[in-house]
Amino acid sequence: MNSKNIKVAFSSGKGGTGKTSIATHFAKYLSITEKTAFVDLDVEEPNGAIFFKNRELRKKETVSRDIPTIDIQRCSFCKLCVQKCNFNAIAMYKQSFKFFYELCKSCNRCQNICPNGAIYQLKEEVGEIREYQSDNLFIKDAILKEGSVQTKHLIQATKKISDNFTWTILDSPPGTTCPMVETVSEADFVVLVAEPTPFGFNDLKLAIEVVKKTVKNWAIVINKSGAYDSIIEDFASKNGYNIIEKFPFDRVFAEKYAQGEFFYTQYSEKMERIKKHILEAL
Amino acid sequence: MIQIAFASGKGGAGKTSISLSFHKYIGENSIMIDTDVDAADAFLLLESQILEAKPFISGWKYKISEKNCVSCGRCISSCSFGAIKRDINSRKITINPLFCEGCGACEDVCSFDAIIKEENYCGDYFISSTKINTTMVYAKLIPGEDNSGKLVHLVRKKGVEIFKKSIQQDGYIVIDSPPGIGCPLMAAISGVNYLAVIIEATESGFHDAKRVIEVAKQLKIPVVSIINKAGLSSEIDNQILLYLKEFDISLMGIIPFNNEFNNILNREMFWIDSDNIEIKNSLISIFDNIINYVKK
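For clarity, every value in this text was computed on a predicted model and none was experimentally measured.

The space that makes up the largest pocket amounts to roughly 990 Å³. In terms of lining residues, the largest pocket is bounded by 44 residues, among which A:Glu102, A:Val149, A:Gln150, B:Cys183 and B:Pro184 are the most central. Residue classes in the lining of the largest pocket are distributed as 17 nonpolar, 13 polar and 14 charged. Taken as a whole, the second largest pocket encloses approximately 300 Å³ of empty space. Lining the second largest pocket are 18 residues, and of these A:Lys152, A:Gln156, B:Ser80, B:Phe81 and B:Gly82 lie nearest its centre. Breaking the lining of the second largest pocket down by element, the ones donating at least two residues are strand 3 (56–70) and helix 4 (151–159) of chain A.

Residues and elements named next belong to chain B. Reading across from one edge, 3-6-7-2-8-1-9-10-11 is the order of the nine strands in this open sheet, with mixed pairing throughout. On the outer flanks of this sheet lie strand 3 (47–64) and strand 11 (250–256), each paired with one strand and no other. Taken pair by pair, the neighbouring strands of this sheet meet at an average axis angle of 20 degrees, ignoring direction. In terms of strand pairing, strand 2 (residues 30–34) meets strand 8 (residues 172–176) through five bridges, oriented parallel. Its bridge partner lying in strand 8, Met32 is registered against Val174. Of the strands in this sheet, strand 1 (2–7), strand 9 (194–200) and strand 10 (223–230) are in contact with helix 7 (residues 203–218), which crosses strand 9 at around 165 degrees.

Interfaces are often sized by the amount of accessible area the parts lose when they come together. At the interface, 57 residues of chain A touch 64 residues of chain B. For the pair chain A and chain B, the two sides together bury roughly 5,200 Å², of which 56% comes from carbon and sulfur. The largest share of the area that chain A buries against chain B comes from A:Glu45, A:Glu146 and A:Phe199, three residues that together contribute 14% of it. At the junction of chain A with chain B, the criterion picks out eight salt bridges. Where A:Glu45 meets B:Arg211, a salt bridge forms, and the shortest distance between an N and an O atom there is 3.4 Å.

Counting residues in hydrophobic clusters, the biggest one holds 118 residues, and the most contacted among them are A:Phe97, A:Val190, A:Trp218, A:Ile220, B:Leu151 and B:Leu195. If you tally residues by element for this core, the top one is helix 5 (residues 148–166) of chain B, at seven residues. Ignoring sequence-local partners within four residues, the contact set of A:Phe97 consists of A:Ile70, A:Ile72, A:Cys75, A:Phe77, A:Cys81, A:Val82, A:Ile90, A:Ala91 and A:Met92.

With that settled, the discussion passes to empty space enclosed by the protein. Residue and element names in this part refer to chain A. Within this structure, the stated rule accounts for seven cavities of 30 Å³ or more. In this structure, the second largest cavity spans a volume of roughly 130 Å³. Cys85, Ile90, Cys104, Cys107 and Cys110 are, among the 19 residues lining the second largest cavity, the residues nearest its centre. Among the elements of the structure, helix 2 (80–84) and helix 3 (109–113) are those that each provide at least two residues to the lining of the second largest cavity. Looking at the lining of the second largest cavity residue by residue, the classes come out as twelve nonpolar, four polar and three charged.

All names here are of chain B. On the surface, a cluster of nonpolar side chains totalling about 210 Å² of accessible area is made up of Leu241, Leu251 and Ile254. Within the fold, Leu251 resides in strand 11. What makes Leu251 partly exposed here is its relative accessible area of 31%.

It is worth spelling out the sheet that holds strand 6 (residues 119–134) of chain A at this point. All names here are of chain A. Here we have nine strands laid out as an open sheet, ordered 3-6-7-2-8-1-9-10-11, and mixed in their pairing. Edge positions in the sheet fall to strand 3 and strand 11 (243–248), since each has one partner strand and no second. Going across the sheet, the axis of each strand differs from the next one's by a mean of 20 degrees, ignoring polarity. When strand 2 (residues 36–40) meets strand 7 (residues 137–144), the two strands line up parallel, connected through four bridges. Bridge pairing links Asp40 to Asp141 in strand 7. Together, strand 2, strand 3, strand 6 and strand 7 form the strand contacts of helix 4, whose direction differs from that of strand 7 by roughly 165 degrees. The strands touched by helix 6 (residues 198–214) are strand 9 (189–194) and strand 10 (217–225); relative to strand 9, the strand with the most contacts, the crossing angle is about 175 degrees.

The rules behind each value
Residues numbered from 1 in each chain as written. Chains lettered and ligands numbered in written order. Predicted model: local features only at pLDDT ≥ 70, side-chain atom pairs only at ≥ 80, totals over all residues. Heavy atoms only, no water. 1 Å grid on protein atoms, 1.4 Å probe; cavity = no way out; pocket = protein on both sides within 12 Å on 5 of 7 lines; lining within 4 Å. Points joined across faces, edges and corners; volume = space filled by probe spheres on them. Nonpolar A, V, L, I, M, F, W, Y, C, P; charged D, E, K, R; others polar. Helix = DSSP H or I, 4+ residues; strand = E, 2+ residues; numbered from the N terminus. Pairing = 2+ DSSP bridges. Axes fitted to C-alpha atoms, helices over the stretch in contact; angles between N-to-C directions. Contact = heavy atoms within 4.5 Å. Buried area = accessible area lost by both parts, 1.4 Å probe. Salt bridge = Lys/Arg side-chain N within 4 Å of Asp/Glu carboxyl O. Core = buried A, V, L, I, M, F, W, Y, C linked by side-chain atoms within 4.5 Å. Buried < 20%, exposed > 50% of the residue type's maximum accessible area, 1.4 Å probe, protein only. Patch = residues over 30% accessible without salt bridge, like charges linked within 9 Å, V, L, I, M, F, W, Y side chains within 5 Å. Areas by Shrake-Rupley, 256 points an atom, 1.4 Å probe, with all protein chains shown as cover.

Below, the structure is given as structure tokens:
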């Protein structure tokens with residue numbers, strides 16, 4: 001394991017468990033002494049950068065994906081592209097074509113199999129990548145164009161990041177599908193942030209299913225800890241899963257969060273323990 | 001038939017709890033659809049018995065036939081998703097099902113008949129009776145699977161079928177939406193009559209809700225709003241109120257931040273059944289406002 005570049009993803013099945021707040025605070029904490037990047041891969045709702053009030057925008061870049069179109073002059077109307085498209089994204093009627101780009105996954109299969117070289121690619125804008133600097137911390141995020149459904153290309157472009165950092169903190173989108181898998185598969189260590197409610201517990205179990213298939217090293221952090229922690233604790237101890245830290249349910253915490261403010265100083269001991277645990281595991 | 005979806009962009013803003021309480025408030029003249037197929041939760045509180053469970057099969061998955069594969073590696077470069085890898089030691093080629101999108105490009109380049117095409121089992125959908133004598137439809141996508149948008153469509157279609165059979169014309173379909181603004185959210189809200197956007201009164205909650213409202217605008221869906229977790233920051237609360245005024249979005253009511261909410265959930269109760277009168281009344285007033293708004 002290259003100790004020069006450790007990638008840690010903060011994830012959870014359920015939204016609103018505190019992924020972003022713990023991830024941003026962990027990144028901020030690390031950045032005081034080490035070269036750290038914070039990468040927000042929740043491209044549908046990127047709100048990690050909000051916490052870094054003094055951030056300066058350094059770079060902005062449009063991200064596009066390939067979408068096919070056809071040069072009708074070269075087409076022999078063999079319909080092979082229509083038949084081979086597994087996403088039903090191409091229709092031919094008489095001698096005209098319609099492409100359904102919302103179904104197209106940019107696999108390029110149509111272009112590759114066209115015997116006449118009649119299919120070529122256009123660019124479709126899916127969103128924008130942004131890079132910021134906030135004190136010592138490098139921040140990268142991306143924002144999906146409203147109305148676009150193509151998160152995959154944007155996430156892949158966003159997670160490409162220089163190896164120069166000692167730590168790269170990845171903030172994951174919620175859920176357990178593609179966007180979440182794209183994030184955790186990138187990580188050396190995954191922190192699952194769980195809240196002790198019936199919904200939080202159910203979604204934690206789903207997230208564990210994905211994480212177990214994807215990475216070797218992961219652990220649970222309980223957020224909004226309180227009287228009902230045992231629903232997660234009992235389950236974890238029964239299955240031999242690690243709970244490495246707890247953050248209390250706290251109105252002051254919530255107030256700071258509401259204003260997009262930091263409160264990490266209160267929790268630096270907890271952050272240090274998470275860091276130690278990750279280093280030991282790797 | 002009035003289809004109303006509850007969405008927030010941000011997770012944990014209160015979508016499920018509020019939509020469940022709304023469903024309970026309307027009662028038998030409504031059905032519940034949980035479209036958060038990635039992480040379905042509403043059933044935990046609502047379900048009494050599963051009436052129908054069926055697999056959801058969509059698209060294809062590809063595998064390598066070890067018998068036929070000669071490890072030539074042509075398929076590796078054909079894959080636009082980086083799903084095909086060669087093991088450095090054994091030279092064996094495999095397709096990672098988590099990254100395979102099912103396009104079949106690998107099939108086209110293989111000369112050895114070594115690519116196996118299989119139907120893709122993505123999850124299951126369920127029709128259930130509920131503890132409050134209604135019907136709910138929901139689905140569970142297999143963790144790590146794709147095609148959530150299509151599953152959302154299916155769940156909504158089933159919901160409409162059941163509604164037509166069993167609910168009076170002026171009844172409601174209550175939809176709990178997934179977080180985000182991407183494919184699953186669009187599938188969950190497209191074509192609904194109203195979108196109730198739940199704005200978590202935090203900076204990030206407000207940021208995310210504005211994006212949902214933008215998507216709803218593009219889809220030409222009328223939007224009403226509910227503010228949740230109010231009172232944490234008067235500055236954010238005011239910003240939200242100003243925004244709603246500026247864009248002429250009707251506010252159905254405000255729910256203050258309260259430690260009590262997670263405890264209600266942990267007692268497996270609906271928010272609207274809380275013994276805290278303040279919470280209960282704030283919800284009832286919001287729901288009455290929605291009903292009156294819809295009637296207009």
